[in-house]
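# A structural walkthrough
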Amino acid sequence: MLDKYPDKVKLVFKNFPLRNHRFARKAAAAAFAAKRQGKFWEYHDKLFENYNKLNDKKFEELAQSLGLDSAQFQKDMKDPKIQASINQDIKDGGKAGVRGTPTLFVNGRRLKQRSLQGFSIAIEKALT
């Protein structure tokens, strides 16, 4: 949809680390740290590929696999500004009724049919 409507559709990603996932918050911080080095989506994708293997060592391995500056990555993961951004995403998600991940919205409405077809239908409807 981004390719089809580059001037009309915008993707906004928010973190909502689940409390029952031991490394979810650290994963969010790691993705933000990777973003500072221009590799958010690449890191994001690797997190999801390795969701069941996440630990402190794995975060660093993923950063290294993307050629990130390790010292800067570690420093950024602990940055209070990144932690504040995660806190704000959690607060925003709670206000929007997010209970789990992934949760998708189109123009502020929660997408119930979370398939490519459902997503396409909702976007097409919002654009008309």
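Residues numbered from 1 in each chain as written. Predicted model: local features only at pLDDT ≥ 70, side-chain atom pairs only at ≥ 80, totals over all residues. Heavy atoms only, no water.

## Brief notes about the pattern of salt bridges
Evaluated as defined, the whole model comprises 7 salt bridges. Salt-bridge contacts for Lys-14 lead to Asp-89; the nearest nitrogen and oxygen are separated by 3.7 Å. Separated by 75 residues along the polypeptide, Lys-14 in the segment before α1 (24-35) and Asp-89 in helix α5 (residues 80-96) bring together distant segments of the chain. Note that Lys-58 is salt-bridged to Glu-61, the shortest N-O span being 3.2 Å. One end of the pair is Lys-58 and the other is Glu-61, both in helix α3 (residues 56-65) and 3 residues apart, which spans about a single turn. A residue is classified by how much of its surface remains accessible, and Lys-58, at 16% relative accessible area, is buried. Overall, Glu-61 belongs to the partly exposed group, its relative accessible area being 34%. Through salt bridges with shared partners, one network takes in Lys-14, Asp-89 and Asp-92. (Salt bridge = Lys/Arg side-chain N within 4 Å of Asp/Glu carboxyl O. Helix = DSSP H or I, 4+ residues; strand = E, 2+ residues; numbered from the N terminus. Buried < 20%, exposed > 50% of the residue type's maximum accessible area, 1.4 Å probe, protein only.)

## Structural notes on the layout of surface pockets
Estimates place the volume of the largest pocket at around 1,600 Å³. Residue lining of the largest pocket: 42 residues in total, with Val-12, Phe-13, Lys-14, Thr-103 and Leu-104 positioned closest to the centre. When contributions to the lining of the largest pocket are tallied by element, the ones reaching two or more residues are α1, α2 (40-49), α5, β1 (105-106) and α6 (116-127). Classifying every residue of the lining of the largest pocket by side-chain character gives 28 nonpolar, 9 polar and 5 charged. In this model, the second largest pocket occupies a volume close to 230 Å³. Together, Val-106, Asn-107, Arg-109, Arg-110, Leu-111, Ile-121, Ala-122, Lys-125 and Ala-126 line the second largest pocket. (1 Å grid on protein atoms, 1.4 Å probe; cavity = no way out; pocket = protein on both sides within 12 Å on 5 of 7 lines; lining within 4 Å. Points joined across faces, edges and corners; volume = space filled by probe spheres on them. Nonpolar A, V, L, I, M, F, W, Y, C, P; charged D, E, K, R; others polar.)

Spatial relationships are all this shows, so hold off on functional conclusions.
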